[in-house]
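Listed below, chain by chain, are the residues.
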Amino acid sequence: MAEAASLSSRGCGAYGEGRCTTAFTSGNRALPCSPGLLASGSRNWFSTPSAMARGLPSTAHLARFCQKLNRLKPLEESSMETSLRRCLSTLDLTLLGVGGMVGSGLYVLTGTVAKDMAGPAVLLSFLVAAVASLLAALCYAEFGARVPRTGSAYLFTYVSMGEIWAFLIGWNVLLEYLIGGAAVARAWSGYLDAIFNHSIRNFTESHLGVWQVPFLAHYPDFLAAGILLVASAFVSCGARVSSWLNHTFSAISLIVILFIIVLGFILARPHNWSAEEGGFAPFGFSGILAGTATCFYAFVGFDVIAASSEEAKNPRWAVPMAIAISLSLAAGAYILVSTVLTLMVPWHSLDPDSALADAFYRRGYSWAGFIVAVGSICAMNTVLLSNLFSLPRIVYAMAADGLFFQVFARVHPRTQVPVVGILVFGVLMALLALLLDLEALVQFLSIGTLLAYTFVATSIIVLRFQKASPPSSPCLASPGPTAKKYDSFSDHIQLVGAEQTSMSEPGQLRPALKPFLGFLDGCSPGTAVAWALGILVASAISLACVLVFGNSDLHLPQWGYVLLLVISGAVFLSSLLVLGAHQQQKKQDTFQIPLVPLTPALSILLNTCLMLKLSYLTWLRFIFWLLVGLVVYFGYGIWHSKENQREPLELTTAHYVVFPSGSLEETVQAVQPSSQSPVQESGCAE
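Residues numbered from 1 in each chain as written. Predicted model: local features only at pLDDT ≥ 70, side-chain atom pairs only at ≥ 80, totals over all residues. Heavy atoms only, no water.

## Digging into the overall build of the protein chain
Looking only at helices and strands, the protein chain features 28 helices and 3 strands. Looking at the protein chain as a whole, 54% of its 686 residues qualify as buried. (Helix = DSSP H or I, 4+ residues; strand = E, 2+ residues; numbered from the N terminus. Buried < 20%, exposed > 50% of the residue type's maximum accessible area, 1.4 Å probe, protein only.)

Shown next as structure tokens:
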């Protein structure tokens with residue numbers, strides 16, 4: 001730092017005389033030297049005397065703060081090297097996905113949707129929901145193959161959208177897994193309790209009494225908490241043990257599902273779909289759509305495959321294949337089971353709580369009802385394992401990046417799993433299942449999942465239209481493109497200067513369309529894509545509002561409603577056309593979604609529509625949880641982020657001082673932290 005002071009005095013010898021000969025540069029912009037522009041640290045680089053006198057942050061301070069919030073995780077770090085054990089095959093990943101999707105929804109959701117929403121047309125609801133889930137699954141498949149690291153939606157957002165968005169997505173995914181696992185555990189205990197005529201509940205209530213406290217369960221569910229603790233112990237033994245358990249339960253569950261389908265078709269009565277029983281779609285098209293909104297959540301769970309990609313042997317091939325196969329199996333199971341269910345007994349006489357078992361009991365096959373109960377318990381076990389497998393790995397990814405407490409980044413040397421995260425969050429999940437009435441909180445699952453799907457779909461578009469970042473060099477040989485640092489979304493998508501780009505690079509206008517859309521070339525590289533993406537998301541939200549709230553809720557005349565629909569739809573399509581007119585990345589060695597940007601854009605629109613259908617209480621709880629997450633991020637994550645720790649080194653490549661009497665190398669040594677000077681000198685030796 002003494003050398004820095006001598007260099008500063010040499011360049012700006014007399015402030016009072018106004019003979020400042022130092023130029024200060026940031027990127028391609030030169031800033032005149034002033035008393036507030038010192039070479040002793042980045043905090044003073046962006047300050048002015050007037051701003052410091054007033055005690056207010058300067059514009060440069062605010063810009064730098066925004067850059068911190070939108071820091072990106074470099075893609076080149078996403079290699080095959082990992083502290084976890086790569087031991088999962090395509091079959092392992094497929095069964096993990098099936099276990100995450102085919103659970104209590106198959107045994108409870110089918111009867112509820114069939115009786116209250118869609119009738120026998122529940123199979124169409126599941127079909128449409130499967131197609132909608134496929135849009136999100138394709139986005140996860142491309143990211144999981146391209147970025148084979150644990151973290152799922154959190155990581156995908158980090159490498160494309162920015163740090164604060166990634167943290168908030170990860171924060172919501174944590175809550176999703178916590179509540180989801182606790183809810184399934186309570187459903188598991190309730191199903192087992194029903195087999196024994198509710199003797200477990202009666203025993204607990206008689207000895208401990210009944211609670212009448214808001215948000216608390218009527219009685220503590222020790223069975224649900226116990227199964228979660230046991231499952232956590234098994235998951236902490238390693239990925240192979242978890243995979244073996246999941247194989248066993250998934251195999252039993254699939255055999256039971258096959259049994260239900262075969263015996264169900266044997267007992268089928270086509271008369272149950274006749275007009276005398278209400279017809280195939282007694283609630284009409286609106287009932288099918290309402291059923292679709294509910295059935296969509298039955299397919300939540302395939303993201304466990306993407307979250308496990310860091311432990312896959314060949315993630316670039318196995319992740320997309322496992323997602324496709326598991327989603328197909330789950331969709332087939334839901335559609336066929338709902339078909340035989342409504343063919344066995346009339347849809348209006350179904351028992352929503354235990355529709356399948358009750359259907360076999362009513363047809364005189366009580367032994368088949370027992371088999372269905374066993375299959376349901378095995379299916380719920382796979383969902384529990386899926387939640388307990390994914391949750392600690394999301395926490396591990398956040399902790400490894402410095403955004404969450406470092407204790408959760410520890411990996412057991414023998415089992416090679418984040419054992420601290422498994423045990424801590426397993427206990428938290430058990431406490432939720434023990435004490436809370438989860439019915440009021442279950443909708444958290446919906447909003448957190450849909451928000452994650454929306455950000456992943458948006459990230460796919462960002463990733464497709466950006467140029468791959470060159471490896472960052474620890475040395476500053478020249479201010480060339482290899483030394484460029486991308487600190488924000490706008491920097492990341494505007495990758496290089498116009499003079500350094502070619503017409504074949506991603507983000508550039510397609511040559512064949514220049515005669516028609518040449519006016520877009522007037523923008524700097526990537527600007528048109530960034531604006532089009534922003535307009536696409538905004539128009540998707542406005543279009544979803546018009547579609548969901550409709551003419552009655554908006555209280556508009558018919559012509560006003562149609563006008564809003566046409567305008568928002570036209571803007572949505574126009575932004576799609578602008579995006580499609582630009583070059584995209586083409587990778588031959590990894591899976592890529594077809595029809596980009598159309599496929600992720602439809603996923604964004606659909607997810608937004610489903611989020612808007614949630615109640616205002618769900619949104620209030622969601623906002624409260626986001627505020628808690630922001631406290632954690634600004635109190636811990638932003639300061640301990642690995643990208644924040646890299647910034648002192650990166651300042652030497654992004655900001656440098658040019659003295660008339662000094663060389664570039666001398667200046668870099670002056671402004672960089674003293675602890676890094678020997679590394680730079682040895683690494684950049686001539």
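## A word on unusual backbone geometry
Note the cis peptide between V596 and P597, where omega equals 15°. Considering the arrangement of structural elements, one finds P597 in the loop between α23 (558–580) and α24 (598–612). Its identity is not glycine, yet Q416 carries a phi of approximately 55°, on the positive side.

## A look at the pattern of salt bridges
Per the counting criterion, the structure on display carries 5 salt bridges. Notably, a salt bridge pairs R71 with E163, separated by 2.7 Å at the nearest N-O pair. Note that R71 is positioned in the loop between α4 (59–69) and α5 (90–101) and E163 in helix α9 (residues 163–195), a separation of 92 residues in sequence. What makes R71 buried here is its relative accessible area of 2%. Taking the relative accessible area as the measure of exposure, E163 reaches 0% and is therefore buried. Residue D92 pairs with R240 through a salt bridge whose shortest N-O separation is 3.2 Å. In this pair, D92 sits in helix α5 while R240 sits in helix α12 (residues 239–266), placing the two residues 148 residues apart along the sequence. Taking the relative accessible area as the measure of exposure, D92 reaches 3% and is therefore buried. (Salt bridge = Lys/Arg side-chain N within 4 Å of Asp/Glu carboxyl O.)

## A closer look at the environment of L431
The residue L431 is located in helix α18 (residues 419–435) in this model. It is 9.4 Å that separates the C-alpha atoms of L431 and F222, two residues lying 209 residues apart in sequence.

## Overview of the nonpolar core
Of all hydrophobic cores here, the largest spans 166 residues; its most connected members are L93, Y107, Y140, F299 and F404. Examining the composition of this core, we find that 18 residues originate from one element, α9, more than from any other. Each of domain 1 (91–466 + 589–642) and domain 2 (510–584) accounts for three or more of the residues forming this core. (Core = buried A, V, L, I, M, F, W, Y, C linked by side-chain atoms within 4.5 Å. Domains from an automatic or database assignment.)

## A word on the packing of aromatic side chains
What characterises a pair of aromatic rings is the spacing of the ring centres plus the angle enclosed by the ring planes. Taken as a whole and judged by the stated rule, the model has 25 aromatic pairs. Centroid distance Y154 to Y158: 5.8 Å. Interplanar angle 55°. Geometry classified as tilted. Linking Y154 with Y158, this pair stays in helix α8 (residues 153–158), spanning 4 residues, or about one helical turn. Take Y154: its relative accessible area is 1%, and that puts it in the buried class. Exposure remark for Y158: the relative accessible area of 1% places this residue in the buried category. Cluster of aromatic residues (ring-pair linked, three or more members): F65, F167, W171, F404, F405, F408, F425, W625, Y633, F634 and Y636. Positioned above the aromatic ring of F389, the side-chain terminus of R393 is 3.7 Å from the ring centre. (Phe/Tyr/Trp six-rings, centres within 6.5 Å; stacked < 30°, edge-to-face > 60°. Lys NZ or Arg CZ within 6 Å of the ring centre and 35° of its normal.)

## Points about the side chain of S125
Here S125 lies in helix α7 (residues 122–146). Discounting chain neighbours no more than four positions away, the residues touching S125 are A118, G287, I288, G291, T292 and C295. (Contact = heavy atoms within 4.5 Å.)

## Comments concerning the environment of A530
Among the secondary structure elements, A530 is positioned in helix α22 (residues 527–554). With a relative accessible area of 21%, A530 lands in the partly exposed category. Sequence separation between A530 and V462 is 68 residues, and the spatial gap between their C-alpha atoms is 8.2 Å.

## Structural notes on the packing of helix α11 (residues 222–235) against helix α17 (residues 366–400)
Axis separation between α11 and α17 bottoms out at 10 Å; the angle between their running directions is 60°. Classed by the angle they form, the pair α11 and α17 counts as oblique. Between α11 and α17 lies a crossing of right-handed hand. Between α11 and α17, the residues in contact are I227, L228, A231, S232 and V235 and N381, L384, L385, L388 and F389, respectively. Among the residues making up the contact of α11 with α17, the classes are represented as 8 nonpolar, 2 polar and no charged. (Axes fitted to C-alpha atoms, helices over the stretch in contact; angles between N-to-C directions. Parallel < 35°, antiparallel > 145°, perpendicular 65-115°, else oblique. Left-handed = near helix turned anticlockwise from the far one by under 90°. Nonpolar A, V, L, I, M, F, W, Y, C, P; charged D, E, K, R; others polar.)

## Describing the environment of G287
Along the chain, G287 falls in helix α13 (residues 284–295). With 171 residues separating them in the primary sequence, G287 and D116 have C-alpha atoms 8.8 Å apart. In this structure, G287 is in contact with M117, A118 and S125, ignoring residues within four places of it in sequence.

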